[in-house]
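This is what each chain is made of:
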Amino acid sequence: MVLFELEFMIIAIVLVVLMLVCFARILLGPTIPDRVVALDTINTLVIAFLVILGAAFNAIIYIDVAIVYALLSFVSTLFISNYLEAKA
Amino acid sequence: MIMLIIYILLAIGIIFQILGVLSLYRFPDVYTRLHGTAKCTTFGSIFIYLAVIVYGAWFAFSGNPEYAVLSIHTIIIMVLLLVTNPTGAHAIARAAYRSGIMPKGAVVDMLKTKDKVARK
Amino acid sequence: MTVLAIAFIFSFLFYLVLTAGSGKVLVWSIEEICFGIIFSILTAILVKKLWLSVGAKPDLRILNPKRWAFFLIYAIGPLFFEITKANFDVACRVITGKIRPGIVKISPGMKTDFGTMMVANSITLTPRTLAVDVDDKGNIYVHWIFVKIKEPRVEDICSSFPKWIKRIVE
């Protein structure tokens, strides 16, 4: 019983387009913190994307992966900013 | 009825995600960009997760109890996001200030005077 | 010992929530419960080591259920209202591009680090403001996207949050 598959897939495609837009900011960004902000935004979008896919395919494993991804991306953001502070 | 609620939640969520990403291009420096991304993507994600939670709860109550797991895990990830996203934004802002990037066009900057006092 | 017990109970509860719906003993399977107990004991030992290496003292007041009830009311009521307001505000600013940024200092006067952290996180999610730095005395430096007053009071930045958070953590 899968309803809403089309709607969830449309949302997922929009999220992928938004990720590409953020990736352009990573390439353009004049300073390093700009790039880190774009990377953080991509992490948030990836988590939402995984949750949407989990609902669309009715696969709980996608959401478990999203939980681990959220924690790891948070730790990686903290480490990058710690490194920037120590370098200054 | 519930389908309509899910459509509205998904629409609000995706609109705020789009605004959050647009703020990366509309604002001039790191701090204002962080305003946009930290708030709008958190809010948009919360609404997308609420749509998934309503979807899972709806199927769970109409006779498929395995869908309840979907809702529970999505609630966990929503709480995690509410705690981690502002903390990450705060860490990036502090790192940006300490690595010497000044807010562009600032009217008042009290952090600068604090640094001077600390150096003396 | 209290740290060990609390860490064990909370990690075991978290494991149970994550694996709900796997079997027949209530809603869990026996294998999941056994692995949950083993991993929770390991996590508790690691947490104990971490606490000892930092030299922190456990603050048991947070276990009071009244504080959890206050936290729920706070999260659903004033905090969610302010988050909604903040998002419409930022949305307008993204479209019109009208900004007047600056960094100001406020002293909410929280006694514990945890309270300062909660105030800073609430500030980041509320209208026009973003916490940038914290000093030793608990003063928070706030990036304000539209500066109205150069030396604001606490109420100008975060309406009634410090009162709520004092009720929750102190």
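The structure we're discussing is the one just above.
Summary of the structure given here. Along each chain, numbering runs from 1 in the same order as the chain's sequence is written. Each chain is given a letter, starting from A, and each ligand a number, starting from 1, according to the order in which they appear as written. Predicted model: local features are reported for residues with pLDDT of at least 70 only, side-chain atom pairs are reported and counted for 80 or more only, and whole-chain, interface and lining totals are derived from all residues. In computing side-chain values, all of the structure's heavy atoms are included and hydrogens and water are not.

1. Regarding the overall build of chain A
For the purposes of this entry, the term helix denotes a DSSP run of H or I that reaches at least four residues, the term strand denotes a run of E that reaches at least two, and both are numbered from the N terminus. Of regular secondary structure, chain A possesses three helices and zero strands. Reading chain A from its N terminus to its C terminus gives the helix and strand order α-α-α. Every radius of gyration here is taken over C-alpha atoms, with the globule rule written as 2.2 Å times N^0.38, N being the number of residues. Taken against the 2.2 N^0.38 rule, which gives 12 Å for 88 residues, the C-alpha radius of gyration of chain A at 15 Å runs more than 25% over that of a compact globule. Expressed as a percentage of contacts within chain A between residues at least 6 apart in sequence, the contacts between residues at least 24 apart total 55%. In the structure as shown, chain A presents an accessible area of about 4,200 Å², 78% of it carried by carbon and sulfur atoms. Any two residues whose heavy atoms approach within 4.5 Å at even a single point are treated as in contact. Computed by Shrake-Rupley with a 1.4 Å probe, the accessible areas treat only the displayed protein chains as cover when residues are assessed.

2. Topic: unusual backbone geometry
Residue and element names in this part refer to chain A. With a phi angle near 50°, Asn58 is a residue other than glycine that sits in the positive phi range. Relative to the helices and strands, Asn58 resides in the loop between α2 (32-57) and α3 (60-87). By relative accessible area, Asn58 is classed as partly exposed at 28%. A 1.4 Å probe rolled over the protein chains alone gives each residue an accessible area, and that area as a share of the maximum for its type sets the label: buried under 20%, exposed over 50%, partly exposed in between.

3. Some details on α2 of chain A
Helix span, as expected, comes to 1.5 Å for every residue beyond the first. With 26 residues, α2 of chain A extends 37 Å from end C-alpha to end C-alpha; this agrees with the ideal 38 Å at 1.5 Å per step. Burial of α2 of chain A is extensive: 21 of the 26 residues sit out of reach of the surface.

4. Comments concerning helix α1 (residues 5-28) of chain A
The terminal C-alpha atoms of α1 of chain A, which comprises 24 residues, lie 35 Å apart, in line with the 34 Å expected from a rise of 1.5 Å per residue. Looking at α1 of chain A, one finds that the buried residues are Phe8, Ile11, Ala12, Leu15, Leu18, Met19, Cys22, Arg25 and Ile26 of chain A. Buried positions along α1 of chain A lie against α2 of chain A together with α1 (2-26) and α2 (30-61) of chain B.

5. So, the interface of chain A and chain B
By a widely used convention, the size of an interface equals the accessible area lost when the partners come together. At the junction of the two partners, chain A supplies 44 residues and chain B supplies 45 residues. Summed over both partners, the accessible area (1.4 Å probe) lost when two parts come together is defined as the buried area. Interface area, chain A with chain B, both sides summed: about 4,100 Å², of which 77% is carbon and sulfur. Salt bridges, as used here, are contacts in which a Lys or Arg side-chain nitrogen is within 4 Å of a carboxyl oxygen on Asp or Glu. Linking chain A to chain B there are three salt bridges. Between Glu85 of chain A and Arg98 of chain B there is a salt bridge, and its shortest N-O distance comes to 3.5 Å. Side-chain atoms alone can form a polar contact between residues adjacent in sequence; in general such a contact is a pair of N or O atoms within 3.5 Å, and within protein one must be able to donate a hydrogen while the other accepts it. Remark: the boundary between chain A and chain B carries eight residue pairs in polar contact (both at pLDDT 80 or more). Residue assignment for the side of chain A that touches chain B shows that the elements contributing at least two residues are α1, α2 and α3 of chain A. Looking at which element gives the most residues to the side of chain A that touches chain B, the answer is α2 of chain A, with 15 residues. Charged residues are taken to be Asp, Glu, Lys and Arg, nonpolar residues to be Ala, Val, Leu, Ile, Met, Phe, Trp, Tyr, Cys and Pro, and polar residues to be all remaining types, Gly included. In terms of residue class, the side of chain A that touches chain B is made up of 31 nonpolar, seven polar and six charged.

6. Considerations on the packing of α1 of chain A against α1 of chain B
Where α1 of chain A meets α1 of chain B, the axes come as close as 10 Å, and the angle between the chain directions of the two elements is 10°. As summarised for this structure, α1 of chain A and α1 of chain B are arranged roughly parallel, according to the angle between their axes. Contacts between α1 of chain A and α1 of chain B involve Glu7, Phe8, Ile11, Val14, Leu15, Leu18, Val21, Cys22, Ala24, Arg25 and Leu28 of chain A from the former and Tyr7, Leu10, Ile14, Gln17, Ile18, Val21, Leu24 and Tyr25 of chain B from the latter. Helix axes use the C-alpha atoms of the stretch in contact, all axes being lines fitted to C-alpha atoms, and the angles between their N-to-C directions lie in the range 0 to 180 degrees. When an angle is under 35 degrees it counts as roughly parallel; over 145 it counts as roughly antiparallel; between 65 and 115 it counts as roughly perpendicular; any other value is oblique.

7. Observations concerning the pairing of strand β3 (residues 140-144) of chain C
All names here are of chain C. Taking burial as the measure, the five residues of β3 include five buried ones, the bulk of the element. On β3, burial covers both faces: Ile140, Val142 and Trp144 on one face and Tyr141 and His143 on the other are all buried. Here the rule is simple: two strands pair whenever DSSP picks up at least two bridges between them. With five bridges connecting them, strand β1 (residues 102-106) and β3 associate as antiparallel partners. Considered in β3, the bridge of Gly102 is made with Trp144.

8. A word on the layout of surface pockets
Using only the protein atoms, space was sampled on a 1 Å grid; points where a 1.4 Å probe fits but cannot get out form cavities, open sets with protein on both sides within 12 Å along at least five of seven lines form pockets, and lining residues are those with an atom within 4 Å of a point. Grid points are joined across faces, edges and corners, and a volume is the space filled by probe spheres set on the points. Empty space within the second largest pocket amounts to approximately 490 Å³. If you go around the second largest pocket, you meet 21 residues; those closest to its centre are Thr87, His90 and Arg94 of chain B together with Met117 and Val134 of chain C. Breaking the lining of the second largest pocket down by element, the ones donating at least two residues are α3 of chain A, α3 (67-98) of chain B together with α4 (113-125) of chain C. It is α4 of chain C that provides the largest number of residues to the lining of the second largest pocket, a total of five residues. A breakdown of the residues in the lining of the second largest pocket according to their chemical character gives six nonpolar, eight polar and seven charged.

9. So, the pattern of salt bridges
Taken as a whole, this structure holds six salt bridges over all chains when the rule is applied. One salt bridge in this structure joins Arg33 of chain B and Asp34 of chain A, with 2.5 Å as the shortest N-O distance. Here Arg33 of chain B is found in helix α2, whereas its partner Asp34 of chain A is found in helix α2 on a different chain. The pair formed by Arg33 of chain B and Asp34 of chain A is uniform in burial state, with each residue classed as buried. When the shortest N-O distance is used, the salt bridge between Glu82 of chain C and Lys85 of chain C registers 3.5 Å.

10. Digging into the side chain of Arg67 of chain C
Positionally, Arg67 of chain C belongs in helix α3 (residues 65-96). Among residues more than four places away in sequence, those in contact with Arg67 of chain C are Arg61, Ile62, Arg167, Ile168, Val169 and Glu170 of chain C.

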